[in-house]
Amino acid sequence: MTENFFLDNQDLQFRLKQLDLRDVLEIKEQGYAYAQEYGTAPRNYADAMDNYHLLLEVLGDICANIIAPRAAEADEEGAQFIDGEVEYAAATQEAILALKQADLFGAMLPWKYGGLNLPETIYQMMIDIVSRAESGVMTVFGLQEIASTINEHADDETKDYFLPRFARGEVNGAMVLTEPDAGSDLGSVQTRAFFDEEAGTWRLNGVKRFITNGNADVHLILARSEAGSRDARGLSLFLLERDETVRIRRIESKLGIHASPTCEVQYDNTPAIMIGKQRFGLIRYSMALMNGARLAVGAQAIGIAEAAYREAYSYAHQRIQFNQPIAKLPAVSRMLLSMRAEIEASRALVCETGIWVDRLKAYEHLQSQRDKSIPDLRQKLKEASNLADVLTPLTKYYASEMGNRVCYVAMQIHGGVGYMNEFNIERLCRDVRVTNIYEGTSQLQIVAAIGKLLGHALDDLLDKWAAVDYGSALDSLKKQLAETTMLFKKATDALKEKESDIIDFYAADLADIASFVVISWLLLQDALVSQRRADIARVYIGEHVSKINALGTSIMKADKTALLARETILAEQF
Amino acid sequence: MTYNSIVLVKQVPDTRTVTGDVMSKKGTMNRSAMPAIFNPEDLNALEMALQVRERYGGQITVLTMGPLKAADILRDALFHGADNVILLSDRKFAGADTQATAYTLKSAIQKIGDFDLIFCGRQAIDGDTAQVGPQVAEKLNLPQITYTESIASMDGDEIIAKRAFDLGSEIVKCKLPCLLTVVGSADRIRPASARKRIENKLAAIPSEYPAIVEKWAEFETETALAAYLTERNLEITVWTAADLDVNEDQLGLSGSPTQVYKVNYVVLESTESKEVPPTKEGIRELIQELIQEYIVG
Ligand SMILES: Cc1cc2nc3c(=O)[nH]c(=O)nc-3n(C[C@H](O)[C@H](O)[C@H](O)COP(=O)(O)OP(=O)(O)OC[C@H]3O[C@@H](n4cnc5c(N)ncnc54)[C@H](O)[C@@H]3O)c2cc1C
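Just so it is clear, the model here is predicted, and its values are computed rather than measured.

A. Structural detail: the overall build of chain B. When helices and strands are counted, chain B shows eight helices and 11 strands. In summary, chain B has a C-alpha radius of gyration of 21 Å against a globular reference of 19 Å for 297 residues, a match within 12%. When burial is assessed residue by residue, chain B has 46% of its 297 residues classed as buried. A separation threshold of at least 6 residues defines the contact pool for chain B, and within that pool the share at least 24 residues apart is 70%. When the accessible surface of chain B is summed, it comes to about 16,200 Å², and 50% of that surface belongs to carbon and sulfur atoms.

B. Spatial organisation of the packing of helix α12 (residues 330-368) of chain A against helix α18 (residues 500-527) of chain A. All names here are of chain A. The N-to-C vectors of α12 and α18 enclose an angle of 95°; their axes lie 9 Å apart at closest approach. Considered as vectors, α12 and α18 are oriented roughly perpendicular to each other. Along the contact surface, α12 presents A345, A348, L349 and E352, while α18 presents V518, I519, L522, L523 and D526. A breakdown of the residues in the contact of α12 with α18 according to their chemical character gives seven nonpolar, no polar and two charged.

C. Highlighting the sheet that holds strand β7 (residues 144-155) of chain B. All names here are of chain B. Judged by pairing direction, the sheet is mixed, and its nine strands sit side by side in the order β9-β8-β7-β10-β6-β1-β4-β5-β11 without closing on themselves. The open sheet terminates on both sides in strands that have one partner only, identified here as β9 (168-175) and β11 (237-239). Each neighbouring strand pair of the sheet contributes to a mean axis angle of 30°, computed without reference to strand direction. Two elements, strand β4 (residues 60-65) and strand β5 (residues 84-88), share five bridges in a ladder whose sense is parallel. The residue bridging M65 from the neighbouring strand is L88, located in β5. Contacts from helix α3 (residues 98-112) reach β1 (5-9), β4, β5, β6 (117-121) and β11, with the element oriented near 150° to β4.

D. Here's a closer look at α12(A). Its 39 residues place the ends of α12(A) 57 Å apart at the C-alpha level, agreeing with the 57 Å of an ideal helix rising 1.5 Å per residue. The positive-phi residue at the C-terminal boundary of α12(A) is R370(A), with phi of around 50°.

The rules behind the values
Residues numbered from 1 in each chain as written. Chains lettered and ligands numbered in written order. Predicted model: local features only at pLDDT ≥ 70, side-chain atom pairs only at ≥ 80, totals over all residues. Heavy atoms only, no water. Helix = DSSP H or I, 4+ residues; strand = E, 2+ residues; numbered from the N terminus. Rg over C-alpha atoms; globule rule 2.2 N^0.38 Å. Buried < 20%, exposed > 50% of the residue type's maximum accessible area, 1.4 Å probe, protein only. Contact = heavy atoms within 4.5 Å. Areas by Shrake-Rupley, 256 points an atom, 1.4 Å probe, with all protein chains shown as cover. Axes fitted to C-alpha atoms, helices over the stretch in contact; angles between N-to-C directions. Parallel < 35°, antiparallel > 145°, perpendicular 65-115°, else oblique. Nonpolar A, V, L, I, M, F, W, Y, C, P; charged D, E, K, R; others polar. Pairing = 2+ DSSP bridges. Expected span 1.5 Å × (residues − 1).

Below, the structure written as structure tokens:
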């Protein structure tokens, strides 16, 4: 048997099996009518799921046999900046070629553009697998996401022109938002867009920083179309093809993901097309773009964590100290156990969020077609939109912090050798670090989620899960969870009453409780499937109930004490 | 100018992953302990054909002679991008030595007719004769380039290719049509395409229909499945002796002058094992030992 990063991953296969995409695919595949027209389109639900399995198998093969074996080399060589152009490491070039030959670029695009019409949930599994192999090349692979944004928001002419080329893997993309003075605060973007009446086109001027794959052929870029404006409402989204007016000024030398070029890009009267409605660039389109990318970064962190766990697991079984493999030591096995539970928990969360995003997209599509086949469409759309909005930042936050925790512990299990270059864990620790920074830092994910959390956006979902019969064996676990869910709701109400400064100060605690609670319910549902899954639920919930209680207490007591103390404590000179 | 290719491939037992279970104590082979795989160098040959198609266009037909189970590697060829596949399967073909095999393949190639290039792997890992390719070329009266590692260029009816040997390499020019045998150091096979994997997953020969009908409830009968496969061009062509213009005496066992005189069985009896620590030192010692025992070197 050759190695395969999908077939050797029981948890991913379990997630695929548990996925219920029936409602989504019914809409996405137009009642499976596409099968008449496209040889690759599924004939029915079972056929679709079988196809996804095959696709992940193809990817798992490439990742295990072509990409992963050269990951250290890709990291060591890294992307280079030579004569004003970016050159990927040789290993990265080989990885990109293989993914192209396997027809995996543009896989999310609709059939008519030559894509495979994949749901978001399957795409996130692909990202997970690629990231386990080499997380730098994931950023190049993952930027096919911009093709989805073009598909969702551009006009037909633009789509016909760009999308088939994305689906054939002929072009790749960059998502161009950040500037030196506009990072978390994208509303202050300064790159200017003006309409050149003579040429009949928009033109862009400005400098963008930290642009992953800024050497790409197609850029989606956020710029100020309303001269004199200062906030988010003056920004629009543009699409351009790189030409001589686009100059890469440098690429960054950085801690990790060396295979991924991080570029500084200058635009000098660059012609561009506006995507969607003027002035909705940040508030609608970039947010949508980032939401997809955020989920992908969550999945990326899981992939890296998976790799780190496997390194730690095999090291812990080989390393003998005190006459036994260290894996047998309770302290070490505890670390392994908590890593494994956290990884599986995060996958459950990414899948749940992915399904709501898939539903949202499907319902939005029906709405845009004025399709009346689903009677309560408006309500369903609202539900999906609410949940996607709150779960996406929560998932990005949880999974990326989890990835960092897991890599940290995995290095710890390696002891001294883990700190050395020869061992993979050192690279994984460097690579994972960016996941809670880019696509919005963890703090910004909390900012994005907190409003919805305070509005009890998760209550209906949690109530629905609480109403499920989990059987007598899981009853005590369910009771425990019901109690912590009550505490979550109480803490929400308590925090809601506070001043905005206090809310911001304690928001992270509420986001933590929310993610623990959501995940615990997801794991409890999994617990119905097998004894092993029930054990995972027990371990995770056991470990987190006390944390939730502590966080709840801290929120209940939240007042200005710490906020005020920062004045005195931080004011003191070093 | 476009070039049409025929790639000759073989399904072989995976002799690279031989375990102790493969040979019984009596010295007979336990086939189920050895998975059947695509002969490795045939994959290099297929890759070379795919590269020619990429650069110049044309069609790729993959041809194999073997039992019905060999349909597996033909599907694999489709997943990697072959345009057409043909299985030569008939009891009359069985027991063939290299001469009878080459005769059968030659007859099938003549039936296919339209080709500029024939690719095959240098040799199959189950026989290691490296004779079938050259014999096919001889029987078709074609020039051949053996040990091909890469194609430098093709222009009109001329090909320039690089041949690789242990001690060096050689660039040769040859007229088309011709036959190339491809070595393992040539470019490795590209990954299967996810799209083609999905598109061709039901590609089958008739003997496989019952299993498909059982798995996929939407096909109520084998006839319904056959109609679906025909419509989508997913029937894998099977040719028997009756489909070829052949002299039956030259097929299979009766067409094989090779006679096995005696087989020496090597029975693996050693049960002891040795642990090598996964350190540089441990590996160095292991290599030393292998060299001393003339296992590598
Ligand atoms: C390797 C890499 C690749 C990248 N690729 C891209 C890309 O392809 N395209 C792109 O557009 N950008 C990209 N970025 C930029 C990235 O998205 C930003 O770095 C990130 O959003 C943070 O912005 P910043 O660096 O300006 O940090 P700042 O916004 O200056 O933040 C500094 C600190 O302040 C905190 N902070 C700021 N505002 C708040 C707030 N309101 N509440 C609480 N805390 C706050 C932050 O959490 C952080 O801890 C990339 C960055 C890196 C490192």
